[in-house]
Amino acid sequence: MAESERPPGCDSPKPGGVFWQLLSADGTFRLPEAMIFVGSADCDVLVKAKSVDKRHAVIMYDYCDKKFKVKDLNSANGTFVNEARIPVQTYIQLESMDVLRFGFDILFTQTTTTASLSNYVLCSLFKTN
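In this text the structure is predicted, and so the values were computed from the model without any measurement.

In terms of regular secondary structure, the protein is built from 0 helices and 11 strands. Shown N-terminal to C-terminal, the secondary structure of the protein runs as helices and strands in the order β-β-β-β-β-β-β-β-β-β-β. Counting across all 129 residues of the protein, residues that qualify as buried make up 40%. Taking as baseline every contact in the protein between residues at least 6 positions apart, the subset at least 24 positions apart corresponds to 43%. Accessible surface computed for the protein: about 7200 Å², of which carbon and sulfur atoms make up 54%.

What follows covers the sheet that holds strand S6 (residues 67–72). The strand order across the open sheet built from 5 strands is S4-S3-S5-S6-S9, with neighbouring strands paired in mixed fashion. Taken across any chain shown, the strands that pair with only one partner, and hence form the sheet edges, are strand S4 (45–46) and strand S9 (92–93).

Under the defined criterion, the tally for this structure stands at 3 aromatic pairs. A ring pair is formed by Trp 20 and Phe 68, whose centres lie 6.0 Å apart and whose planes are at 70°; its orientation type is edge-to-face. With Trp 20 in strand S1 (residues 18–24) and Phe 68 in strand S6, this pair connects stretches of sequence that are 48 residues apart. Exposure remark for Trp 20: the relative accessible area of 10% places this residue in the buried category. Ring geometry for Tyr 61 versus Tyr 63: centroids 5.1 Å apart, planes at 85°, classification edge-to-face.

All chains considered together, the criterion is met by 5 salt bridges. In this structure, Asp 42 engages Lys 54 in a salt bridge whose closest nitrogen and oxygen atoms are separated by 3.8 Å. Linking Asp 42 in the loop between strand S3 (36–39) and S4 with Lys 54 in the loop between S4 and strand S5 (57–62), this pair joins segments that are 12 residues apart in sequence. A single burial state applies to Asp 42 and to Lys 54, both of which are exposed. A salt bridge links Lys 67 to Glu 95; the nearest nitrogen and oxygen atoms lie 2.6 Å apart. Of this pair, Lys 67 sits in strand S6 while Glu 95 is found in the loop between S9 and strand S10 (98–102), placing the two residues 28 residues apart along the sequence. One salt-bridge network, held together by shared partners, links Asp 62, Asp 65 and Lys 69.

Turning next to the nonpolar core. Core analysis: the biggest nonpolar cluster contains 20 residues, and Ile 59, Val 70 and Leu 100 have the highest contact counts within it. Sorting the residues of this core by element identifies S1, S3, S5, S6 and S10 as the ones contributing at least two each. The dominant element in this core, judged by the number of residues it contributes, is S5, at 3 residues. Beyond its immediate stretch of four places on either side in the chain, Val 70 contacts Ala 57, Val 58, Ile 59, Thr 79, Val 81, Ile 86, Thr 90, Tyr 91, Ile 92, Leu 94 and Leu 100.

Calculation rules
- Residues numbered from 1 in each chain as written.
- Predicted model: local features only at pLDDT ≥ 70, side-chain atom pairs only at ≥ 80, totals over all residues.
- Heavy atoms only, no water.
- Helix = DSSP H or I, 4+ residues; strand = E, 2+ residues; numbered from the N terminus.
- Buried < 20%, exposed > 50% of the residue type's maximum accessible area, 1.4 Å probe, protein only.
- Contact = heavy atoms within 4.5 Å.
- Areas by Shrake-Rupley, 256 points an atom, 1.4 Å probe, with all protein chains shown as cover.
- Pairing = 2+ DSSP bridges.
- Phe/Tyr/Trp six-rings, centres within 6.5 Å; stacked < 30°, edge-to-face > 60°.
- Salt bridge = Lys/Arg side-chain N within 4 Å of Asp/Glu carboxyl O.
- Core = buried A, V, L, I, M, F, W, Y, C linked by side-chain atoms within 4.5 Å.

Here is the structure:
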């Protein structure tokens, strides 16, 4: 979203402040304050799982709420926040340490090291200078 497209009264992101990452056993993805697509092909975040659609979900940053939101793009196997399936085509606000799951694969937990990229934890991290 360009600076001119921000809703009135919404602040610009502050350099050197909080940033958000998707974490999985296979690595991390720093979330830009923009709209990103999640899916199995041609997306910003590629998920290696058979139960994930080509374009499965979208994560966007809401400048007014200063929160990320996720929306399922009418996927066959659903998008889950903290193991609750979210309604299709409806943005759901995310909080620090929410667990996101795309599709139905059993994936990343803190007690196992066998994982694929379809389970993410969204968490708030601080930049260090």
